[in-house]
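# Residue-level structural notes
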Amino acid sequence: MPKLVLGSRNKKKLGELLDLLGDLPIDLTDLSPYPHAPEVDETGTTFEANARLKATQLAPALGEWVLGEDSGLCVPALGGAPGVYSARYAGTHGDDAANNAKLLAELAGKTGDDRAAYYVSTAALANPQGEVVAVVDGRCWGVIGTQAKGTGGFGYDPLFYIQEYHASFGELSGRVKHALSHRGRAVAKLRPILRKLFGV
Ligand code: IMP
C-alpha cells in the first residue's frame, strides 16, 4: 500500500485527514512513527511557503511522500491576523484556550462585518526526493462569535460560526465541518491527484 506522511504532530489534523481520505487504500500517518524527524521552522510569511517548507524538508529526511499542510484563521478587520501565526497567536504554540481568549479580546466591541473571518488550508505534496508535485488550498468563511460554543473540532472552532447553520464548528459534527471546511475543500482537490499518482 502506498504511504503518505502528514508532516504534523497535530492529532486532530491527522484525524480530519483520515476522515477525509481514509477510504483510499493509502497508509496515511503523521510524524509520530518518526521521533527523529527534523523540526521544521515555520519561517514563511504565507500558508503556501510554510506548507512547502514542511513538505520539502521532511520528505527527503524520511524518504517518504509527505503532505505539508499549513492552515490558520484570518480576520480581515484585524489586518488578516492571526493568519500564519494562528497556532502561536497568544505566544505558546498550540495553546488553543489562550489563542481563543486573545482573539475575543482583540475583537471586543466589534460587530457585524468586523467579525467576519475565514480559515485557510494549504497543502503541498512532496515526493521522497523533496520535490513538490502539487499544491492545493481551500477556504471557508464564518463569523467570530462572542463566546465559545461546543467542544468539537480544535483550535478556534468553538468561536467560528457558520451563519447558515446557526452553529459553531465546535457544535457541528465532523461530517458537516468536513463538507464546508477549508481542509475539506483543499483535500477534495488533492484526492484526484493522489488517486492518479498512487494508482488507487
Ligand atoms: P499549523 O499546524 O501551523 O498549520 O497551525 C494551524 C493552526 O491554525 C491551529 O493550531 C489552529 O489554531 C488554527 N487552525 C487551523 N485549522 C483549524 C481548524 O480546522 N479549526 C480550528 N483551528 C484551526
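Residues numbered from 1 in each chain as written. Predicted model: local features only at pLDDT ≥ 70, side-chain atom pairs only at ≥ 80, totals over all residues. Heavy atoms only, no water.

Turning our eyes to something else, we now look at the overall build of the protein chain. From N to C terminus, the protein chain includes 5 helices and 7 strands. Reading the protein chain from its N terminus to its C terminus gives the helix and strand order β-α-β-α-β-α-β-β-β-β-α-α. In terms of C-alpha radius of gyration, the protein chain reaches 17 Å, essentially the compact-globule figure of 16 Å for 200 residues. With respect to the principal axes defined by its C-alpha atoms, the protein chain has extents near 50 × 30 × 25 Å. With an accessible surface of roughly 9,400 Å², the protein chain has 51% of that area assigned to carbon and sulfur atoms. Mean positive and mean negative side-chain charge positions of the protein chain (21 and 22 charges, respectively) differ by 3 Å. (Helix = DSSP H or I, 4+ residues; strand = E, 2+ residues; numbered from the N terminus. Rg over C-alpha atoms; globule rule 2.2 N^0.38 Å. Areas by Shrake-Rupley, 256 points an atom, 1.4 Å probe, with all protein chains shown as cover. Lys, Arg positive; Asp, Glu negative; His and termini not counted. Charge placed at Lys NZ, Arg CZ, Asp CG, Glu CD.)

Quick look at the side chain of Asp-157 now. Relative to the elements of secondary structure, Asp-157 occurs in the loop between β5 (132–144) and β6 (160–162). On the accessibility criterion, Asp-157 (1% relative accessible area) is buried. With near-sequence residues (within four places) excluded, Asp-157 lies in contact with Tyr-119, Gly-152, Ser-168, Phe-169, Gly-170 and Lys-177. (Buried < 20%, exposed > 50% of the residue type's maximum accessible area, 1.4 Å probe, protein only. Contact = heavy atoms within 4.5 Å.)

On to the packing of aromatic side chains. Evaluation of the coordinates by the stated rule reveals 5 aromatic pairs. An aromatic cluster of three or more residues is present, and its members are Tyr-119, Phe-160 and Phe-169. (Phe/Tyr/Trp six-rings, centres within 6.5 Å; stacked < 30°, edge-to-face > 60°.)

Counted at 1.5 Å a residue, the expected span for helix α5 (residues 182–198) with its 17 residues is 24 Å, and the 24 Å between its end C-alpha atoms agrees. Taking the largest bend as the criterion, α5 deviates by roughly 30 degrees, centred on Leu-190, and proline Pro-192 comes between one and four positions later. Within the span of α5, buried status applies to His-182, Arg-183, Gly-184, Ala-186, Val-187, Leu-190, Leu-194 and Phe-198. Elements in contact with the buried residues of α5: β1 (3–6), α1 (11–21), β3 (65–74), β4 (116–126), β5 and α4 (174–180). One or two positions beyond α5, positive phi appears at Gly-199, with a value near 60 degrees. (Expected span 1.5 Å × (residues − 1). Bend = angle between axes of the 7 residues up to and from the residue.)

Another point: the site of the ligand. Close to the ligand lie 17 residues, the nearest being Lys-13, Phe-154, Asp-157, Lys-177 and Arg-183. Contact distances for the ligand include 2.7 Å between an oxygen atom and a side-chain N or O atom of Lys-13. In the environment of the ligand, an oxygen atom lies 3.0 Å from a nitrogen or oxygen atom belonging to the side chain of Glu-42. Among the elements of the structure, β3 and α5 are those that each provide at least two residues to the shell around the ligand. Here the shell around the ligand gets 4 residues from one element, more than from any other, and that element is β3. (Near = heavy atom within 4 Å. Polar contact = N/O pair within 3.5 Å; in protein donor to acceptor, adjacent residues only side chain to side chain.)

This next bit is on the sheet that holds β3. Across the sheet, which stays open at both edges, the 7 strands sit in the order β2-β1-β3-β4-β5-β6-β7 with mixed pairing between neighbours. The open sheet is flanked by β2 (27–29) and β7 (167–168), the only strands paired with a single partner. Pairing of β5 with β6 involves 2 bridges; the strand directions are antiparallel. Paired with Ile-144 across the strands is Phe-160, a residue of β6. Against the sheet, helix α2 (residues 47–62) makes contact with β1, β3, β4 and β5, and its axis sits at roughly 155 degrees relative to β3, the strand it touches most. (Pairing = 2+ DSSP bridges. Axes fitted to C-alpha atoms, helices over the stretch in contact; angles between N-to-C directions.)

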